[in-house]
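# Remarks on the overall topology
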Amino acid sequence: MDLLADLTPPQREAVIHVNGPLLVLAGAGSGKTRVITRRVAHLLHKGVAPHNILALTFTNKAAGEMRERIEALIPGAKVWVGTFHGFCARLLRAHGSLVGLDSSFTIYDQADRLRAVRDVLDAMGVDEPPITPEKIEGAISRAKNDLATPKSLAHRARDDRDRLVAKVYAGYEEKLRAASAVDFDDLLVHVVKILKEHRDVRADLDARYRYVLVDEYQDTNMAQYAIVRALSVDHPNLCVTGDPDQSIYGWRGANLSNILEFEKDYDGVKVVKLEHNYRSTKTILAVADHLIQYNVNRKPKDLITENPSGEPVQVTVYARETEEAEGVAGRIASLVREGAYNYSDVAVFCRITALTRTFEQAFRSARIPYQIVGGVSFYERQEVKDVVSFLNLINNPKDDLALSRVVNVPPRGLGKTSFDHLIAFSREHGLPLLEAARRAREVPGLKEKAIRSFLDFVTLFDELAGLRDHPAETVILQTMEKTGYRQHLKDESRGEGEDRLANLEELITAAREFDHEHPGATIQDFLAEITLASPVDRWDQQTGAVTLMTLHAAKGLEFPVVFIIGLEEGLLPHSRAFENPNELEEERRLFFVGITRARKELYISRCRIRTFRGQQQATAQSRFLMELPEDFLSYDDRSGVSAGDSRWAQGSWDRRPASPPRRPPSSSPSQPTRTPTPSPSGFRLTTAAQLGGGGAAGPMAPPGDLDAFRPGASVLHPQYGLGRVVAIEGAGPNRKGRIAFTLAGERTFVLAKSPLKVVGKTGAGPR
DNA sequence: ACTGAACGCTTTTTT
DNA sequence: AGCGTTCAGT
């Protein structure tokens with residue numbers, strides 16, 4: 001076929017570019033994937049050898065898609081397409097020894113790393129860390145993404161917490177090294193180290209991967225940048241594609257300047273801009289474009305489409321989240337009933353996974369087929385993890401974390417005490433736990449019964465370890481039999497055992513498929529595959545079901561009909577982003593990504609009351625709602641509070657910023673981004689209890705002045721100064737208010753007992 | 001050593 | 001609210 005015939009001039013430019021660095025700035029829906037795959041095909045046509053091409057993506061799903069499309073253009077092309085992490089894992093199997101890594105290293109997932117951090121804290125004798133293990137783990141991860149070592153971290157530590165983090169980081173590294181394990185970040189970091197310290201290896205790889213392509217370049221972090229950079233020194237035929245407006249992984253260390261500075265970084269960069277959108281209606285695009293212009297830190301970009309105008313974007317307000325879910329379900333049902341769409345044409349996006357639960361229920365009772373992407377991954381389920389841990393131990397006998405997980409599964413009488421003795425012994429002799437268990441007789445303090453159990457375990461292990469080089473399916477089946485795990489689940493008194501066995505059956509199926517697709521592969525390969533798999537990878541557009549996923553997971557996908565739910569302050573934008581303008585802009589980009597997934601119809605909703613962590617809370621509408629262009633919206637308040645009073649129904653839209661968003665870059669602090677959030681106007685009933693029909697038990701609350709504290713209201717505190725009500729928690733006289741102070745951050749007060757004064761209502765009231 | 005109960009914390013997002 | 005971790009009882 002002619003690779004160029006159906007391309008626009010800019011697309012063609014990108015496709016036919018062969019040598020030298022190339023930056024493709026691709027707006028949402030501009031046919032980016034198509035351009036990349038065509039370019040690969042073009043390179044191959046020009047005589048570039050397939051093994052000289054390396055295409056890197058962020059998710060396996062994106063990689064799979066790209067591989068498929070290249071395969072369709074050039075059947076049998078052996079181009080390496082994969083994720084950064086997968087690529088690095090493979091590289092480390094071959095070159096890991098350069099950084100002291102066995103080729104059989106284990107890859108730790110998030111749960112493993114947390115476990116490891118806890119163990120280190122334990123070993124350090126820190127009973128009550130001043131920061132949570134999660135935070136420490138996060139700090140370590142961030143450090144790694146920035147290529148910081150424990151030493152450099154210790155060096156720039158400012159306070160005790162920093163020092164603790166640095167110390168735990170050091171202990172953590174040592175623990176992983178001893179266990180011959182790497183975490184997700186290490187996969188990248190170790191490769192960076194190799195590339196930096198071994199010029200010959202770097203040069204070889206640079207020459208080998210003569211043509212490198214990186215997708216979603218705006219989401220690369222320092223480590224990923226360093227890898228790409230090192231592979232493009234002698235042969236800078238690097239093609240990166242991305243869209244700064246779709247950068248949504250800053251929290252994970254993504255560095256936007258990688259893409260913004262690309263032109264300065266490489267010599268003679270060719271830049272191609274793809275601004276033509278082939279996906280969405282004019283209306284949807286206008287809404288997205290209008291919104292994203294509120295970002296100050298941004299390069300202007302046009303989004304053009306010749307698609308039809310389409311329907312207005314519908315914004316709906318519901319009373320509470322159950323109604324939001326039912327409303328969406330009802331809408332989907334009628335869309336499908338009318339025959340315009342299939343279930344698989346529809347997606348529902350939310351900011352956080354926790355919100356999917358309500359929708360699950362609503363879909364179930366409306367008999368709408370759905371699939372949830374994200375949440376607890378299949379491979380994180382306990383029973384799956386147990387079996388997988390055993391596989392990990394077989395593959396890497398030094399993996400202490402894996403051993404501690406399975407040594408007493410099913411229960412064989414090894415409790416904490418015995419295990420502690422074993423740990424002490426292993427520490428003293430510098431042995432992996434498995435070796436310590438082998439010498440259980442020498443371990444001081446062990447009871448005869450425990451000794452025997454440990455030895456039995458080792459015998460069992462040895463037996464299974466003999467299967468190391470067998471196909472994954474065989475090893476799993478044998479493990480389940482010989483350990484008695486299958487029997488153990490069968491015996492489980494409650495019905496849960498059935499489900500768990502079913503999950504393990506699924507694991508076996510996955511292994512069988514893997515064995516089939518990768519003849520000659522070992523459990524090591526299987527383990528790497530499943531550890532690096534993400535929930536999104538299992539998602540399938542063609543299942544005839546509505547898709548329910550987070551906004552993050554939605555990147556790179558498209559659907560004819562999209563619902564974005566929970567447009568509330570604290571949710572989107574997420575409360576953790578409130579204080580940081582950059583994070584706030586990232587939230588806006590996240591919303592932007594969601595909007596631009598939609599091809600034909602877009603529905604946006606929020607509710608006035610949301611139950612979160614068991615608490616009912618009145619919500620404030622998202623500030624982003626006011627940044628959408630009114631002309632392209634149709635607004636529907638179904639929360640009931642406005643019934644019969646049209647003034648209220650319009651209210652929410654009275655408070656939008658009067659000025660158009662296109663503004664000089666140096667606009668005053670009163671620019672739209674900083675506009676204080678209006679309260680949910682038209683919301684006469686202030687507390688959750690009142691709106692819910694006074695459902696809360698207890699004495700009637702004397703409404704009094706407390707009702708003046710509504711989300712959005714401005715308040716004054718004698719000490720903390722000016723603030724804004726973010727949320728009201730609970731109802732009645734003891735209700736609490738969460739106040740975001742301009743200077744003092746967020747604090748919570750029992751309103752009746754606080755010296756807070758309402759000084760003004762930002763929200764629209766009846767005039 | 002194992003079981004059930006209280007406790008406390010949380011995840012925003014993911015390779 | 002739900003979950004996992006820790007605690008108390010047998």
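About the criteria used
Residues numbered from 1 in each chain as written. Chains lettered and ligands numbered in written order. Predicted model: local features only at pLDDT ≥ 70, side-chain atom pairs only at ≥ 80, totals over all residues. Heavy atoms only, no water. Helix = DSSP H or I, 4+ residues; strand = E, 2+ residues; numbered from the N terminus. Buried < 20%, exposed > 50% of the residue type's maximum accessible area, 1.4 Å probe, protein only. Contact = heavy atoms within 4.5 Å. Near = heavy atom within 4 Å. Nonpolar A, V, L, I, M, F, W, Y, C, P; charged D, E, K, R; others polar. pLDDT = per-residue confidence, 0-100. Phe/Tyr/Trp six-rings, centres within 6.5 Å; stacked < 30°, edge-to-face > 60°. Lys NZ or Arg CZ within 6 Å of the ring centre and 35° of its normal. Polar contact = N/O pair within 3.5 Å; in protein donor to acceptor, adjacent residues only side chain to side chain. 1 Å grid on protein atoms, 1.4 Å probe; cavity = no way out; pocket = protein on both sides within 12 Å on 5 of 7 lines; lining within 4 Å. Points joined across faces, edges and corners; volume = space filled by probe spheres on them. Expected span 1.5 Å × (residues − 1). Arc of directions from axis to C-beta. Pairing = 2+ DSSP bridges. Right-handed = clockwise from strand over helix to strand, strands pointing away. Axes fitted to C-alpha atoms, helices over the stretch in contact; angles between N-to-C directions. Parallel < 35°, antiparallel > 145°, perpendicular 65-115°, else oblique. Left-handed = near helix turned anticlockwise from the far one by under 90°.

### Looking at the overall build of chain A
Tallying secondary structure elements over chain A gives 29 helices and 23 strands in all. Within chain A, buried positions represent 54% of all 767 residues. For chain A, restricting intrachain contacts to residue pairs at least 6 apart in sequence, the fraction spanning at least 24 positions comes to 74%.

### Comments concerning the protein's contact with DNA strand C
Taken together, R115, R357, R613 and G614 form the complete shell of residues around DNA strand C. The sugar-phosphate portion of DNA strand C accounts for 67% of its atoms within 4 Å of the protein, the bases making up the rest. Looking at side-chain class alone, the surface near DNA strand C contains no nonpolar, one polar and three charged residues.

### Concerning the confidence of the model for chain A
For chain A, the average pLDDT comes to 83, and 86% of its residues sit at 70 or higher. Note that residues 643-704 has pLDDT below 50 and, in this model, 113 contacts with residues that lie over four places away or in other chains. Between residues 761-767, whose pLDDT stays under 50, and residues either more than four places distant or in other chains, the model counts 19 contacts.

### What to know about the packing of aromatic side chains
Per the stated rule, a full pass over the model turns up 13 aromatic pairs. Here the aromatic rings of F349 and F559 are separated by 6.0 Å at their centres, their planes lie at 70 degrees, and the arrangement is edge-to-face. On the criterion of sequence distance, the pair formed by F349 in strand β12 (residues 346-350) and F559 in strand β15 (residues 559-564) is long-range, its members being 210 residues apart. Among the residues examined, F349 registers a relative accessible area of 0% and is labelled buried. Relative accessible area serves as the criterion here: at 0%, F559 is assigned to the buried category. Ring centres 4.5 Å apart and planes at 10 degrees place the aromatic pair F563 and Y603 in the stacked group. On the criterion of sequence distance, the pair formed by F563 in strand β15 and Y603 in strand β16 (residues 598-612) is long-range, its members being 40 residues apart. For F563, a relative accessible area of 3% corresponds to the buried category. Connected via pairs of aromatic rings, a cluster forms that spans W80, F87 and Y209. The lysine or arginine in question, K555, covers the ring of F58, its NZ or CZ lying 6.0 Å from the ring centre.

### Points about the side chain of D109
Note on placement: D109 falls in the loop between β4 (106-108) and α5 (110-124). Only 3.0 Å separates the side chain of D109 from the side chain of K385, close enough to count as a polar contact. Ignoring sequence-local partners within four residues, the contact set of D109 consists of F184, K385 and T531.

### Comments concerning the protein's contact with DNA strand B
DNA strand B sits among 29 residues. The nearest are T132, R351, T353, S534 and R576. Close to the protein, within 4 Å, the atoms of DNA strand B belong to sugar or phosphate groups at a rate of 49%. In this structure, T353 approaches DNA strand B through a side-chain N or O atom, which is 2.3 Å from a phosphate oxygen. S418 places a side-chain nitrogen or oxygen 3.0 Å from a phosphate oxygen of DNA strand B. By residue number, the principal contributor to the surface near DNA strand B is helix α19 (residues 416-429), which donates three residues. The residue makeup of the surface near DNA strand B, split by class, is eight nonpolar, 15 polar and six charged.

### What to know about empty space enclosed by the protein
This structure, assessed with the given rule, holds six cavities of 30 Å³ or more. Within this model, the largest cavity holds a volume of roughly 160 Å³. If you go around the largest cavity, you meet 14 residues; those closest to its centre are L25, P244, K299, P300 and K301. Tallied by class, residues from the lining of the largest cavity come to six nonpolar, no polar and eight charged.

### Details of helix α9 (residues 184-197)
Here α9 contains 14 residues, and its C-alpha end-to-end distance of 21 Å stays within 8% of the 20 Å for a straight helix at 1.5 Å per residue. Three or more residues of α9 are buried, namely D185, D186, L187, L188, H190, V191, V192, I194 and L195. The backbone nitrogen of D185 has a side-chain oxygen 3.0 Å away, supplied by the residue at the start of α9, namely D183.

### Let's talk about helix α1 (residues 9-16)
Think of an α-helix as 3.6 residues a turn; residues three or four steps apart then line up on the same face. Residues of α1 that are buried: Q11, A14 and V15. On an axial view of α1, the arc spanned by its buried residues comes to 100 degrees, and they lie on one face. Buried residues in α1 make contact with β1 (22-26), α2 (32-45) and β8 (270-274).

### Some thoughts on the pairing of strand β3 (residues 80-83)
Put simply, side chains in a regular strand alternate between the two faces of the sheet. Examined bridge by bridge, strand β2 (residues 53-57) and β3 share four bridges and lie parallel to one another. Paired with A55 across the bridge in β3 is V81. Note that the unit made of β2, helix α3 (residues 60-73) and β3 has a crossover that is right-handed.

### Comments concerning the sheet that holds β2
One open sheet holds the six strands; their spatial order is β3-β2-β6-β7-β1-β8, and the pairing between them is parallel. One side of each edge strand has no neighbouring strand; the edge strands of this open sheet are β3 and β8. Looking at each pair of strands side by side, their axes are set apart by 15 degrees on average, direction ignored. Of the strands in this sheet, β1, β2, β6 (211-214), β7 (237-242) and β8 touch α2, which is tilted by about 170 degrees from β6.

### Things to note about the packing of α2 against α3
Angle between the axes and distance between the axes are the two parameters that describe a pair of packed helices. Between α2 and α3, the shortest axis-to-axis distance is 9 Å and the interhelical angle comes to 50 degrees. When the axes of α2 and α3 are compared, the pair comes out oblique. In this structure, the crossing between α2 and α3 has a hand that is right-handed. Within the contact between the two elements, α2 uses T33, R34, I36, T37, R38, V40 and A41 and α3 uses E65, M66, R69, I70 and L73. When the residues that make up the contact of α2 with α3 are grouped by side-chain class, the tally is six nonpolar, two polar and four charged.

### Here's the deal with the packing of helix α17 (residues 382-395) against helix α21 (residues 448-465)
One way to put it is that α17 packs onto α21 with a least axis distance of 10 Å and a crossing angle of 75 degrees. The angle between the axes of α17 and α21 places the two elements in the roughly perpendicular class. Mapping the contact onto sequence places F390, L393 and I394 in α17 and F457, L460, F461, L464 and A465 in α21. For the contact of α17 with α21, the residue count by class is eight nonpolar, no polar and no charged.

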